[in-house]
Every structure is written in structure tokens, then in C-alpha cells.
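# Summary of the model geometry
Residues per chain, in single letters:
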Amino acid sequence: MSIIFDILSKKIVEWRKEESAIIEKGGAKILSQVTVAQAYGGMRGVASLICDTSRVPQDQGLIIREIPLKKLLDKTPEEIFFLLLTSELPDKNQLADFSSEIRSRKNVPQYIWDVLRSMPKDSHPMTMLNTAILVLQKESVFAHRYDDGMRKEDYWKATLEDALNLVAKLPAIAAGIYRMRFNKGEIILPDPAMDLTGDYVHMLGLDKSKKEEFNDLMRLYLVAHCDHEGGNVSALTNLTINSALSDIYYSLSGGFDGLAGPLHGLANQECLKWILEIMQKYGDAPSKEQLKEIVWDTLNSGKVIPGYGHAVLRVTDPRFEGFLQFGKNHFPDDPLFITVARLYEVVPEELKKIEKIKNPWPNVDAASGSMLYHYGLKEFSYYTVVFAVSRSLGLTAQAVINRAMNAPIIRPKSVTTYFVKEFIS
Ligand code: CMX
């Protein structure tokens, strides 16, 4: 059995003891209160969930297992997945073992390709991805072992099997969707000798010039989008579905249905679309004055500025900073990149003038799409799929941890407007 099962077996015993001690000592302490406005306002700011894989302080951005993202930007998706699962970065042996465990699980059953090929040609790539994950559900180790009467103690092991299988297969499925949906020729099958990033790039089959650079961008992309605590739309959906002991094929596909929304993961597609429209209107690299004009045209037409604002963050997203630095290092003269960087000089100052907007700063989606575009991945309806491949690391890790901790079914209480009217009178 792979090292990851051994490490987690030991850690989970400790984590369970720690949780019991916490609840015994401070279980009655009040973590958060909920105002009527918060109940109507998407529960914003209500601390009522435990998620140990990562946290997002509003003044710092993503911290994975107590390591700020800025210190992890040179890591690989395999290292990050190990960190999310275990709370520690792997040493050399652990990484080799973990990587080979993932590499051995890459094969995608033929029926997935058959189903994807039978979908309407204009299906959104996210619909194709979520369909593929759901169709793959029949492979769930958790579902089969549950049917066979698996003990509760072992739920996490079966969930980890599913997590490793899904994370290993998603790059092939995602790359296959790209090639089918955008008529790029035959799908390219996974290579068990390659790491997650290299294989994903290989299977996308893009122009091979600047291959090393694109490989590095993809590595950064897969690391930067991996997790963002437990309360965002996709994470909460994933955890809620999984809490019913629906396996992670069900929960991940449900979570990704949320990621497909324009206020969440689809914002990177929306953002690039918006920037390309600007460039079409004003020519390459519009001036600051022109950008200011377009920002107000967009706002006055009742639309949001994609890639700006956040439900939690109140500073520039460190993930945006990571991509901005990548662009500065590799293609500072690309007009698209110049526009992205110039928007960063313009948009926050304008959004600050609108009182209701709590965060005028860019989130990850303000830059990520332009990076993929630069290297020839120009079909921006595909960008949320790349986001999802990365986010599968965090969402599956969260599900494994919750099964390990025997997290109960999620069931907050709702109240009616009738109740609230009585309550405030
Ligand atoms: N442009 C215009 N208006 C904005 C705005 C933006 N970028 N960001 C916030 N606002 C508006 C909201 O629409 C809201 O208006 P109403 O009260 O009229 O509905 C008001 O400001 C208050 O919003 P908020 O409390 O600052 O932000 P929320 O927590 O409600 O929403 C988010 C957060 C991300 C949905 C919002 O900032 C937004 O729509 N941004 C643009 C889309 C985007 O980039 N999404 C990606 C986020 C990252 C991710 O999850 O992937």
C-alpha cells in the first residue's frame, strides 16, 4: 500500500483525538453570531464550518496548511495535493511514491469518451466535464465498499481511493474535452511516465514552441487554483453533497456545477472576453483614460467588472500577483498582458468610488485567462475547466478529511420571512 495511506492513518488518529479534546474543552464557546442581514446576505462572514486544508484571511489571501501561497508558487500539483491531504509537504521518497500512485491511475474508460462524443457539439466544456465525472461515478470505490457494508472507520480510505483516481484521470478527461469540443483532432491518451502538469500539457496537444514556459505556467495555474477554504460555492456544495455520503464523483461534479457560474469560476472566461472586446474597440493596449471609460460603460450597463471584487478578500489576491509576475517575467510586451496590468492600475481606483463594493482589488480571474491565451489556449470557454482540474485537489482533499473526521451530514437551519418579521418586531 502506498505511503499516503500510512501517513494519513497515523495523522487521522491524532486529528480525531485533537477534535474530541477541542469539543470537550471549548465546545460551548460561541464562534460566530448571525444577524438577520447575514441570513439574507448569503451567510457572508458567518464562521460555521471547519476546513483544515486552507484558510483565506481577508488581508492575506490563500494560506494552505499554514503556508502562504506566495511560498508555494514553485511547487508541483502533486506536492500541493500531498500537502492539502496530510498538512505537510512531502520529502523526496514520499513524493516519488505519491506521484507513482497517481500515475498508475490515469487510464480513462472508453465509455467516458463515447458519452462525451455523443454530447451536442455546442455543449459548454464545463457541462462536458461535470457529465464525465458523473458518468465515471460507477467506478467509485466508496460506493462499492459502502454497498458491501464498509465500516465507518474506513470511509476515508475509500474516499482517498476515489480522490486519487479522480485527480489522476481529470487531466486526461479535461484535455480530451478540449480536443473534442474545439476540433483539435484525435484525443491524446495519458502517458503514465509523465507528471500531472507535463501530461496535461502533452494531452492538450498545443503548439510545441515555448513548451517549457507553458509547462511552467500550467504548473503555476494548477497550484494557484487548488483550494480556497470551505465556504465558497464549489467547496460548500462539494462538502454538503459528500456529507450525505454521496461519493466524491457526485460531490465534485456538483461542486463544479457551482464553479461554472459567472460569479465564481466562470469569471476568468468572462474577464478575458471583456478584455478582448476592449482591445477590439480601442486597439492593442488601450490607454488608461480609455480603460477608465470602458470600466464606467460596463458598470453603467449594469454589469460587474469581471475579475475584480471578492466575497472574502480585501486586498489584491496573491494568486493574481503570482500570474502578474509570471507575465512580467515572460511576456511583458504582449498587448494583452499590458492591458491586464494597466487595468490593475485603473479598475481599483474606480471601484473604490462605489461605496457598496467591499473589495475593489483583483481576484485570480483578472489575470489567469490572459496567461493561457498568450500560449495559444485561446478558447476561453475552456478556462474554467483548467480551474476545475486544479480545484479538484482541494475539494477531494477536503472530502477525504471530512470522511476521516466522521463529519456529520450538513444541515443548517433556515427560517421564514414570517419568522423574521415576528422576531424583529
Ligand atoms: N463590479 C461591479 N460591482 C461589484 C463588483 C465588481 N467587480 N464586485 C462587487 N460588486 C457589487 C456587487 O454586485 C454588489 O452589488 P448589489 O448589492 O447591487 O448586488 C455590491 O457590490 C456588494 O458586493 P460585495 O459585498 O463587495 O461582494 P459580494 O461578496 O457580494 O460578491 C463577487 C463577490 C466575487 C461575486 C463580486 O465581487 C463580483 O461579482 N465580482 C466579479 C465577478 C468575479 O470576478 N468573480 C470571481 C470571484 C473569484 C471566484 O470565486 O472565482
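Residues numbered from 1 in each chain as written. Predicted model: local features only at pLDDT ≥ 70, side-chain atom pairs only at ≥ 80, totals over all residues. Heavy atoms only, no water.

## What about the overall build of the protein?
Of the regular secondary structure elements, the protein holds 19 helices and three strands. The C-alpha radius of gyration computed for the protein amounts to 22 Å, which stays within 12% of the reference 22 Å derived for 425 residues, consistent with globular compactness. C-alpha atoms of the protein, sized along the principal axes, occupy 65 × 65 × 40 Å. Within the protein, buried positions represent 52% of all 425 residues. Long-range pairs, those at least 24 residues apart, make up 75% of the contacts in the protein between residues at least 6 apart in sequence. For the protein, the computed accessible surface area is about 19,900 Å², with 53% contributed by carbon and sulfur atoms. Considering the protein, the positive charge centre built from 50 side chains and the negative charge centre built from 53 side chains are found 3 Å apart. (Helix = DSSP H or I, 4+ residues; strand = E, 2+ residues; numbered from the N terminus. Rg over C-alpha atoms; globule rule 2.2 N^0.38 Å. Buried < 20%, exposed > 50% of the residue type's maximum accessible area, 1.4 Å probe, protein only. Contact = heavy atoms within 4.5 Å. Areas by Shrake-Rupley, 256 points an atom, 1.4 Å probe, with all protein chains shown as cover. Lys, Arg positive; Asp, Glu negative; His and termini not counted. Charge placed at Lys NZ, Arg CZ, Asp CG, Glu CD.)

## Focus: the nonpolar core
Ranked by size, the top nonpolar core spans 118 residues in total, and within it Y200 and Y382 carry the most contacts. Sorting elements by how many residues they give to this core places helix α8 (residues 155–181) first, with 15 residues. With sequence-adjacent residues up to four places away left out, Y200 is seen in contact with P171, A174, A175, M218, L222, Y382, V385, V386 and V389. Of all hydrophobic cores here, the second largest spans five residues; its members include V141, F142, Y155 and A158. (Core = buried A, V, L, I, M, F, W, Y, C linked by side-chain atoms within 4.5 Å.)

## With respect to the site of the ligand
In the neighbourhood of the ligand, 20 residues make up the surrounding shell, with H264, G307, Y308, K356 and K358 lying closest. When the ligand is considered free in solution it has 890 Å² of accessible area, and contact with the protein chains removes 75% of it. (Near = heavy atom within 4 Å.)

## So, the layout of surface pockets
Roughly 200 Å³ of internal volume is contained in the second largest pocket. Taken together, 14 residues make up the lining of the second largest pocket; nearest its centre are R117, K121, R179, M180 and R181. Counting only elements with at least two residues in the lining of the second largest pocket, the list comes to α5 (110–117) and α8. The greatest single-element share of the lining of the second largest pocket, amounting to three residues, is contributed by α8. For the lining of the second largest pocket, the per-class residue count stands at six nonpolar, two polar and six charged. (1 Å grid on protein atoms, 1.4 Å probe; cavity = no way out; pocket = protein on both sides within 12 Å on 5 of 7 lines; lining within 4 Å. Points joined across faces, edges and corners; volume = space filled by probe spheres on them. Nonpolar A, V, L, I, M, F, W, Y, C, P; charged D, E, K, R; others polar.)

## As for helix α12 (residues 248–259)
Taking 1.5 Å as the rise per residue, α12 with twelve residues should run 16 Å; its terminal C-alpha atoms sit 15 Å apart, in good agreement. Burial analysis of α12 places ten of its twelve residues in the buried class, which makes it a mostly covered element. By the burial criterion, the buried members of α12 are I248, Y249, S251, L252, S253, G254, G255, F256, G258 and L259. Where α12 is buried, its residues touch α6 (125–135), α8, α11 (233–243) and α18 (383–404). (Expected span 1.5 Å × (residues − 1).)

## Brief notes about the packing of aromatic side chains
This structure, assessed with the given rule, holds 18 aromatic pairs. Ring geometry for F81 against F98: centres 5.6 Å apart, planes inclined by 45°, an arrangement best described as tilted. You can see F81 sitting in helix α3 (residues 77–86) and its partner F98 sitting in helix α4 (residues 92–103), a full 17 residues away along the chain. The exposure class assigned to F81 is buried, which follows from its relative accessible area of 0%. By relative accessible area, F98 is classed as buried at 1%. Pairing F320 with Y344 gives two aromatic rings, centres 4.9 Å apart and planes at 65°, and the pair type is edge-to-face. Of this pair, F320 sits in helix α15 (residues 318–330) while Y344 sits in helix α16 (residues 335–351); the two residues are 24 residues apart in sequence, bridging distant segments of the chain. A residue is classified by how much of its surface remains accessible, and F320, at 0% relative accessible area, is buried. (Phe/Tyr/Trp six-rings, centres within 6.5 Å; stacked < 30°, edge-to-face > 60°.)

## Considering the packing of α8 against helix α9 (residues 196–204)
It is at 8 Å that the axes of α8 and α9 come closest, and there the two elements cross at 20°. Taken together, the axes of α8 and α9 are roughly parallel relative to one another. In terms of crossing hand, the pair formed by α8 and α9 is right-handed. Contacts from V167, A168, P171, A172, A174, A175, Y178 and R179 in α8 reach L196, Y200, M203 and L204 in α9. For the contact of α8 with α9, the class distribution of residues is eleven nonpolar, no polar and one charged. (Axes fitted to C-alpha atoms, helices over the stretch in contact; angles between N-to-C directions. Parallel < 35°, antiparallel > 145°, perpendicular 65-115°, else oblique. Left-handed = near helix turned anticlockwise from the far one by under 90°.)

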